[in-house]
Structures are given as C-alpha cells and as structure tokens.
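In case you want the letters, here they are:
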Amino acid sequence: MEFSRGAYVSQLVSQIGSGQVKVVTGVRRCGKTYLLNTLFKRHLIEAGIRADHIVEMDFDGYRNSVYRDPDRFLSFVDGRITDGEPYFLLLDEIQLLDRFPEVLNDLLRMENVDVYATGSNARLLSKDVVTEFRGRGYEIPMRPLSFSEFMEGFNGDKRDGYLEYATYGGLPAVVLRKSADEKTQYLTSVMSEVYLADIVDRYKVRDVSDLNDLVDMLSSCIGSLVNPTKIANTFKSEKHSNIARETVDRFLAHLEDSFLFEKAVRYDIKGRKYIGAGSKYYAVDVGLRNARLNFRQFEETHIMENILYNELRGRGFKVDVGIVPSQRRDSQGSVRRVNYEIDFVCNLGSKRLYIQSAYALPTQEKMDQEQASLMRVGDSFKKVIVTKDGIAPHYNDRGVLIMNIYDFLLHPSSLEI
C-alpha cells in the first residue's frame, strides 16, 4: 500500500529552484523520509533529473554517522558535484549533523545545488528556519496521515474507517499493520522507546517519572484547559514530587518541540487579545494518545475534537480557543460576567472561521447551547458546527453551517460551502 501524500509533494515541487533550504519537519515516523527519498525523488526522476544528480544522506543511519562531522559531509558533497547541472540534496534527520545551520548556509552559496532536508525536533529546526537561514529557509510541517489520506488505503466504508482511525491514528507504519495487536504493540513501544526516550536523551531529563506522568495527564485531558501552576501543585500534593512550575513549563515545551502535542491558546474575541491563563493541548496523533492510556479512555467527544484540531492544522490554519465575554442575568436578577467558549478560532491569511465540535445535536436545546457562543461573536465570519453524524452540510436559520465529521474530513473544500 502506498500513500500519495500529494499536498506535501506539491509543496516541495513548488519550491524547486527557489534558492531556499526546504525543511520538512514533523513527529518521527510520520513519513518524512518516505516523502523526500521516495515520493519526491520519484517526481524528480520522472521530470528528467538524472539519478546521479540526486544526492541522498541519512544522518540517522549508523553507517553514515561519520558524515555528521561538517567537514566530512561537505567533502562528500563536493565529491558528488561533478558538473554545472542542477543537483538535488536530500538530507534526512538534518539535526544530527553538527553545526547544520552553518553547513546548509554554506550549501546555499552553491548556485547549482537545491537543498531539501527533514528533521524531527522543532527547537532545532522549526523555530530556527527563518533566523538561522537568514530568510532563505522554507518549512513544510508534516503530520501523520489525515483521515482522507487514511481512507486511500482502507478497505471499508467511511464509518468503519473513522472508528479505526479514531482508535489507532494515522502513523503510516500503524496503518500498514494488519491486526489490532500489532497496531497496539507498535504504538505502545514507539511512544516510550522512541518519542519519550528521545526527549529524555536530548534534553537530559532527570525527572523521568514526572515527565511520564505529565504525558499521561495531557493524554487523559485533551481538549481541557491545562494550567502549569496547578499541575505542579497537584504533583506535589498527590505524588509528593518537588517539581516546580518552571519544570512543568519546560516539559510542555519539550513535548511541543518533539511534535507530540500542540498547544491552542485562549483568545478573547471581543477584546482581540490572548489570555495567558491556561491553554489546551491536543495530541498530534490520537493513536499515540490512546495507546498511552492503554485504550482505556476512549471518549468519542474528546477524540473527535482532537481529530478536528489536527485536520484544521493540517489545512494550514492557526487554531486558538475562543473566549466570548458576555453578561447574563441569574435567577436572582443579578447581572454577572460569563465567558462563552468557542472550540476553535481558525485563521488562515485574511480568512477566519469559528468552529464548534458537537458530538450530537439531538434536541433544539442542545443546538441552542452549542451555537450560543457563536451568536455572541458579533462579526460576519463563517460559523460552523461539526457533528459525528447528520444529514448533508446545510445552513440553519441562524446562518450556522452544520456538517457531519465525514463530510468535513473527506473533502478539503468542505468549509467553502
């Protein structure tokens, strides 16, 4: 089975000859190597590029570990460049190359060399692409398979596919495994033996138990507000841990930098400002999240919300948690301030969307509850409610677009209705 990953290939193709370093970032095992060394390389060859003008280097491989030395690697490249025709450098796990920003900037000075790289650490790559490469770096954030990509190889209908996807996620190596036991074993082992082991090793983490407990907590409360101070206090009272709030902040940053979780910050829509207290964290792959909890906490509402978040991020949206301050009169007649929440405030260029994730809308009361915050926004941007099931996408009498999860996920243009 082969996944096309067409959107990512198109991004790489669009940057051929741009004079920039193209850096594909993302969680390990999401398919970056396959994208670069198989799909993109195939495109180059089909476009007429000779194989000896495509130079590959896997810095993660033991046999190539000597090339992590900058001088050895540059000598290797110089030995492969034998004429003035275009050469394409495909460099896997570039963060393992010592002084890699300097090396890549040096390669950019070679007029006939086009550089493409992959990496799995955001602190070394994602946050440095603009600064380290002096405006000559282009990042392509890659994610596990989206639901529509997953369905390319799924032998069944969309409902069965969604259940499989919501359980085991979209890591290609998991999707390709046949049995539930194989999928479970892979997810469980890769989480502890690859992802968390990488964090412990890379950041010299000493409080491994606290890190593991934090991962469990984030996995258990996806879509809920997370406050580092409260986490530290809970760890102290329940675990008798001496962890400080600053350590919690650092661990959260490590988990983000390793692409295991992403943070959605609360945004005051009326005041047009971010609110510092509390953020929400979503797992980059729900299969990893479920395996971490031994598949014991399968709350479909929260998992659906996580899948929606990942889809929106995969489509390029910046996603915040919306807060709409308002006033409400209580049963005693007193007016008090309340905050209404919108699950996702989505921005892409000049486009903005407000989206609520509602597992079901069985009654008008539930509908009114879900759209209460949307109706208080006070602007003309599109407002959407996504449900688990339902009829074809349609606008209700309040101008809110209602659609089911399948139409939302399977059609990239679903929000353009």
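Residues numbered from 1 in each chain as written. Predicted model: local features only at pLDDT ≥ 70, side-chain atom pairs only at ≥ 80, totals over all residues. Heavy atoms only, no water.

## What to know about the pattern of salt bridges
Inspection of the entire model under this criterion finds 25 salt bridges. Notably, a salt bridge pairs Asp114 with Lys22, separated by 2.5 Å at the nearest N-O pair. Residue Asp114 is located in strand 4 (residues 113-119), and its partner Lys22 is located in strand 1 (residues 21-25); the two are separated by 92 residues in the primary sequence. Accessibility expressed as a relative area gives 0% for Lys22, which makes it buried. Note that Lys351 is salt-bridged to Glu416, the shortest N-O span being 2.9 Å. Taken as a pair, Lys351 in strand 11 (residues 351-357) and Glu416 in the segment after helix 16 (405-410) lie far apart in primary sequence, 65 residues in all. Judged by its relative accessible area of 32%, Lys351 falls in the partly exposed class. (Salt bridge = Lys/Arg side-chain N within 4 Å of Asp/Glu carboxyl O. Helix = DSSP H or I, 4+ residues; strand = E, 2+ residues; numbered from the N terminus. Buried < 20%, exposed > 50% of the residue type's maximum accessible area, 1.4 Å probe, protein only.)

## Brief notes about the packing of helix 1 (residues 6-14) against helix 2 (residues 32-46)
Between helix 1 and helix 2, whose axes approach to 10 Å, the crossing angle comes to 65°. In this structure, helix 1 crosses over helix 2, and the sense of that crossing is right-handed. Where helix 1 approaches helix 2, its residues Tyr8, Val9, Leu12 and Val13 are matched on the opposing element by Leu35, Leu36, Leu39, Phe40 and His43. Partitioning the contact of helix 1 with helix 2 into residue classes produces eight nonpolar, one polar and no charged. (Axes fitted to C-alpha atoms, helices over the stretch in contact; angles between N-to-C directions. Left-handed = near helix turned anticlockwise from the far one by under 90°. Contact = heavy atoms within 4.5 Å. Nonpolar A, V, L, I, M, F, W, Y, C, P; charged D, E, K, R; others polar.)

## Some remarks on the layout of surface pockets
Any empty space left between atoms is shown by rolling a water-sized probe over those atoms. Considering only enclosed or pocket space, the second largest pocket measures out at about 270 Å³ in volume. Every residue lining the second largest pocket is counted, 15 residues in all, and those nearest its centre are Glu341, Asp343, Gln356, Ser357 and Glu370. Broken down by secondary-structure element, the contributors of at least two residues to the lining of the second largest pocket are helix 14 (300-314), strand 10 (335-348), strand 11 and helix 15 (364-375). Of all the elements, helix 15 adds the most residues to the lining of the second largest pocket, at five residues. (1 Å grid on protein atoms, 1.4 Å probe; cavity = no way out; pocket = protein on both sides within 12 Å on 5 of 7 lines; lining within 4 Å. Points joined across faces, edges and corners; volume = space filled by probe spheres on them.)

## Focus: the pairing of strand 2 (residues 54-58)
Bridge analysis of strand 2 against strand 3 (residues 87-92) gives five bridges, and the strand direction is parallel. Across the sheet, residue Asp58 finds its bridge partner in strand 3, namely Asp92. Read from strand 2 through helix 3 (residues 70-80) to strand 3, the crossover connection turns out right-handed. (Pairing = 2+ DSSP bridges. Right-handed = clockwise from strand over helix to strand, strands pointing away.)

## Some points on the packing of aromatic side chains
Inspection of every chain in the model, using the stated rule, returns 16 aromatic pairs. Each ring, one from Tyr282 and one from Tyr309, has its centre 4.5 Å from the other, and the planes form 15°; the classification is stacked. A residue pair is termed long-range when its members are at least 10 positions apart, and Tyr282 in strand 8 (residues 273-283) and Tyr309 in helix 14 qualify at 27 residues. The two residues Tyr282 and Tyr309 agree in class, both being buried. Looking at Lys239, its charged tip hangs above the ring of Phe235, at a distance of 5.1 Å from the centre. Across from the ring centre of Phe408, 4.7 Å away, lies the NZ or CZ of Arg315, which sits over that ring. (Phe/Tyr/Trp six-rings, centres within 6.5 Å; stacked < 30°, edge-to-face > 60°. Lys NZ or Arg CZ within 6 Å of the ring centre and 35° of its normal.)

## Quick notes on the side chain of Ser373
Along the polypeptide, Ser373 turns up in helix 15. Since its relative accessible area comes to 3%, Ser373 is described here as buried. Discounting chain neighbours no more than four positions away, the residues touching Ser373 are Val324, Tyr340, Glu341, Ile342 and Gln356.

## Comments concerning the sheet that holds strand 1
Pairing in this open sheet of five strands is parallel, and the strands run 2-3-4-1-5 from one edge to the other. Each of the sheet's edge strands pairs with one partner strand only, and the pair in question is strand 2 and strand 5 (137-141). Strand-to-strand twist across the sheet, computed as the mean angle between neighbouring axes with direction ignored, equals 15°. Contacts between helix 1 and the sheet are confined to strand 1, strand 4 and strand 5, with strand 5 contributing the most and set at about 175° to the helix.

## Let's talk about the nonpolar core
With 52 residues, the main nonpolar core has Tyr195, Leu255 and Leu260 as its most contacted residues. By residue number, the principal contributor to this core is helix 9 (residues 180-203), which donates nine residues. Look past the residues within four positions of Tyr195 in its chain and what remains in contact with it is Val27, Arg28, Arg29, Leu171, Val190, Leu260 and Leu288. Phe3, Met151, Val175 and Val321 belong to the second largest nonpolar core, which has 34 residues in total. (Core = buried A, V, L, I, M, F, W, Y, C linked by side-chain atoms within 4.5 Å.)

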